[in-house]
Amino acid sequence: MRQHDAEVPDANATYVFAVCRDPDPSSCAGLPGVTHEAPVRLLALDSFTAIVQTVRACDFTDEAWQSRLSDQRELERYARAHHDVVSAVAAASPTVPLPMATVYHADERVREALAKETDRFRAALKRIAHHAEWGVKVYAPPAATAATAATAATAATAATAATAATDDADRRTGRPVVPTDRGRPAAGAGLAYLERKRGAQRLRERSQEDALRTAETVDEQVGRLATASRRLRPHPQPSTDRRVQILNATYLVAERRSEELALLTRTLRERTGAEIELSGPWVPYSFVGEV
């Protein structure tokens, strides 16, 4: 529903932040929005209220917006301003956030366009009333890495012990101890190496299976408490972060169950040994649908 139908340089346009029901007028008072040239205000629709701001149309042409997308700092400023308005309004009433840079030529165009989405807004507002969005990220327990290191250490110790035993046997029988030729592997070294590789592979596979079971357990338990849920793609980790993310999900949870969610998260940490990050509450962006 992103509109860029106001291309006249000197014209004004209407930026829409969100749609809500019975908002508190004071909730957006004093908010700067995306420009300091006009206040954030309420725009009455037939069944709902839109949270809007008058902006310069030339700032939201396709060319201007594409240029802004290439400026990370400017883009972050707009995203933060948009989110601040949505969050302030959502704290006082059920709110459906619209995508950033949703702009129409004038207030009447806003009314015409959003009136066509009345049923969808009504369904979304009913779904998210008295709910918040919570994020859950799960990282695999560190046991797999420790087990891999232990396996390698055990194999190295066994190889050293075997060499020492051979040398002792040679001394007892009077045979000269021949120094190890480091340039040539000992007999059976190749077979031992392959066996260690197979063992490491089996360990990795078991660790992956355990991690998947942990992710499914957490998702299932939190999902029972939530009204709705969504599985997201795992976030790529920084090169300095050795953790392996096995679950990235978001949940729509009733406000009255937030403490229950926190307790469940702590219980799952203790039971699974996994690192579980709980974030929120957030405006339920993920559960308002494409409106």
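## Side note on helix 2 (residues 72–90)
Okay, so step 1: The end-to-end C-alpha separation of helix 2 is 26 Å, in line with the 27 Å expected for 19 residues at 1.5 Å each.
Okay, so step 2: For helix 2, the set of buried residues is Leu-75, Tyr-78, Ala-81, His-82, Val-85, Val-86 and Val-89. For helix 2, the angular spread of buried residues about the axis comes to 130 degrees, placing them on one side.
Okay, so step 3: Those residues of helix 2 that are buried are in contact with strand 1 (12–20), strand 2 (40–44), strand 3 (49–56), helix 1 (62–69) and strand 4 (95–97).

## Topic: the sheet that holds strand 9 (residues 275–282)
Okay, so step 1: Strands sit in the order 7-8-6-9 across an open sheet of four strands; the sheet is antiparallel. Either end of the sheet is taken by a strand with one partner, and the two such strands are strand 7 (228–231) and strand 9. If you compare each strand with its neighbour and ignore which way they point, the axes differ by 20 degrees on average.
Okay, so step 2: Packed onto the sheet, helix 7 (residues 258–272) meets strand 6 (131–139), strand 8 (245–254) and strand 9 and runs at close to 170 degrees relative to strand 9.

## Description of the confidence of the model for the protein chain
Detailed reading of predicted coordinates is not advised where the pLDDT is low.
Okay, so step 1: Put simply, the protein chain has an average pLDDT of 81, and 74% of its residues get 70 or more.
Okay, so step 2: In the predicted structure, residues 144–166 sits below a pLDDT of 50 and forms five contacts with residues beyond four places in sequence or in another chain.

## Observations concerning the packing of aromatic side chains
Okay, so step 1: Using the criterion set out here, one finds six aromatic pairs in the structure.
Okay, so step 2: Arranged with centres 4.7 Å apart and planes meeting at 50 degrees, the rings of Tyr-15 and Phe-17 form a pair that is tilted. Per residue, the accessibility class of Tyr-15 equals that of Phe-17, and both read buried.
Okay, so step 3: For the pair Phe-60 and Trp-65, a centre-to-centre distance of 5.9 Å together with 25 degrees between the ring planes defines the contact as stacked. As far as the burial class goes, Phe-60 and Trp-65 line up, both buried.
Okay, so step 4: Among the aromatic residues, those joined into a ring-pair cluster are Tyr-15, Phe-17, Phe-60, Trp-65 and Tyr-78.
Okay, so step 5: Its guanidinium or amino end placed over the ring of Phe-60, Arg-68 lies 5.4 Å from that ring's centre, counting from NZ or CZ.
Okay, so step 6: Taking NZ or CZ as reference, Arg-243 lies 3.9 Å from the ring centre of Tyr-139, over its face.

Thresholds applied
- Residues numbered from 1 in each chain as written.
- Predicted model: local features only at pLDDT ≥ 70, side-chain atom pairs only at ≥ 80, totals over all residues.
- Heavy atoms only, no water.
- Helix = DSSP H or I, 4+ residues; strand = E, 2+ residues; numbered from the N terminus.
- Expected span 1.5 Å × (residues − 1).
- Buried < 20%, exposed > 50% of the residue type's maximum accessible area, 1.4 Å probe, protein only.
- Arc of directions from axis to C-beta.
- Contact = heavy atoms within 4.5 Å.
- Pairing = 2+ DSSP bridges.
- Axes fitted to C-alpha atoms, helices over the stretch in contact; angles between N-to-C directions.
- pLDDT = per-residue confidence, 0-100.
- Phe/Tyr/Trp six-rings, centres within 6.5 Å; stacked < 30°, edge-to-face > 60°.
- Lys NZ or Arg CZ within 6 Å of the ring centre and 35° of its normal.

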